[in-house]
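Overview (structure and organization)
Listed below are the residues making up each chain.
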Amino acid sequence: MLAKINNFEIDLSKPIDISIPLTNTDENPIAWYIEKPTIEPVVFGDWIGKVSEGKSSTNFNNIFFNPHGHGTHTECLGHITNAFYSINQSLKQFFFFAKLITVEPEKVGDDWVITKGQVEKAISTSTSLSVTKLEAIIIRTIPNQKEKKSRKYSNTNPPYLSEEAAIFIRESEVQHLLIDLPSVDKEHDEGKLLAHKAFWNVQNTLQLNPDARLNATITEMIYVSNEIEDGNYILNLQIASFENDASPSKPILYKI
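The following paragraphs examine the structure supplied in this document. (Residues numbered from 1 in each chain as written. Predicted model: local features only at pLDDT ≥ 70, side-chain atom pairs only at ≥ 80, totals over all residues. Heavy atoms only, no water.)

**Examining the pattern of salt bridges**
Any two side chains of opposite charge can pair if their charged atoms end up close together. Applying the stated criterion across every chain, the model contains eight salt bridges. Linking Asp 180 and Lys 148 is a salt bridge whose minimum nitrogen-to-oxygen distance equals 2.5 Å. In this pair, Asp 180 sits in the loop between strand 14 (176–179) and helix 4 (194–200) while Lys 148 sits in the loop between strand 12 (136–141) and strand 13 (160–161), placing the two residues 32 residues apart along the sequence. Just as Asp 180 is buried, Lys 148 falls in that class too. Between Glu 171 and Arg 170 there is a salt bridge, with its nearest N and O atoms 3.9 Å apart. Its relative accessible area of 57% is what places Glu 171 among the exposed residues. (Salt bridge = Lys/Arg side-chain N within 4 Å of Asp/Glu carboxyl O. Helix = DSSP H or I, 4+ residues; strand = E, 2+ residues; numbered from the N terminus. Buried < 20%, exposed > 50% of the residue type's maximum accessible area, 1.4 Å probe, protein only.)

Printed below as a string of structure tokens:
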């Protein structure tokens, strides 16, 4: 099925899913010092909400998870502000012109960092497509093992995005930033959250400045397989309708 979005033709029958499924197994990725998700049937006395138990006509599960720590999720600036802002209210459009880039973080002291120079060079790579504005950027880091889909990130000091790189992305007017790491910021950073603040242009988390980017989003813990080539795509950024700072999400790419 062909469709035309922003004057670009895409084949809707060939989606490229870059999300990580949420499971209740040890294969689920974990960040931020929490346990794996729980998916289990509701129990009322001797009634169990599971067809295979022979006492229910339906499977009727409770799910306990944390969107930030258990897989692919999309967040708004409400993630870091004193006032409440919801991803469901911030993200109102769902198709965007996007660019996938691959970056090998550079060693800076004891850290591995995605720098402004790396992002600037990758974004400026020539393209035959004529676009008015890049709306989303997808960052794949290397090495890019499949183990990312089940990695336990807590206390491992994963790579992160430099403040300067986040500022550059913001100044490029990119509204949606997607990355295959548990956070755009350093794991232990004393709560500075420099990249989050820079991308959303949040100058004071207690009193939001008028030019903060209310409709910009950050999506973390994606997985982009090595078979997917760098370049230009249409991104369909799907979320669940949670009135929360973040929601589990399912970003889908379409070749142009």
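**Brief notes about the environment of Asp 189**
Counting through the fold element by element, Asp 189 comes out in the loop between strand 14 and helix 4. Asp 189 gets classed as buried once you look at its relative accessible area, which sits at 14%. One polar contact links the side chain of Asp 189 to the main-chain amide nitrogen of Gly 191, over a distance of 2.9 Å. Here Leu 193 takes part through its backbone nitrogen, which lies 2.8 Å from a polar atom of the side chain of Asp 189. (Polar contact = N/O pair within 3.5 Å; in protein donor to acceptor, adjacent residues only side chain to side chain.)

**Notes on the sheet that holds strand 11 (residues 111–114)**
In space, the three strands of this open sheet follow the order 10-11-13, with mixed pairing throughout. The outermost strands of the open sheet, each flanked by one partner alone, are strand 10 (106–108) and strand 13. Looking at chain direction, strand 11 and strand 13 are connected through two bridges and run parallel. The partner of Ile 114 across the bridge, within strand 13, is Leu 161. Set on the sheet, helix 2 (residues 116–123) makes contact with strand 10, strand 11 and strand 13; between it and strand 11 the angle comes to about 35°. (Pairing = 2+ DSSP bridges. Contact = heavy atoms within 4.5 Å. Axes fitted to C-alpha atoms, helices over the stretch in contact; angles between N-to-C directions.)

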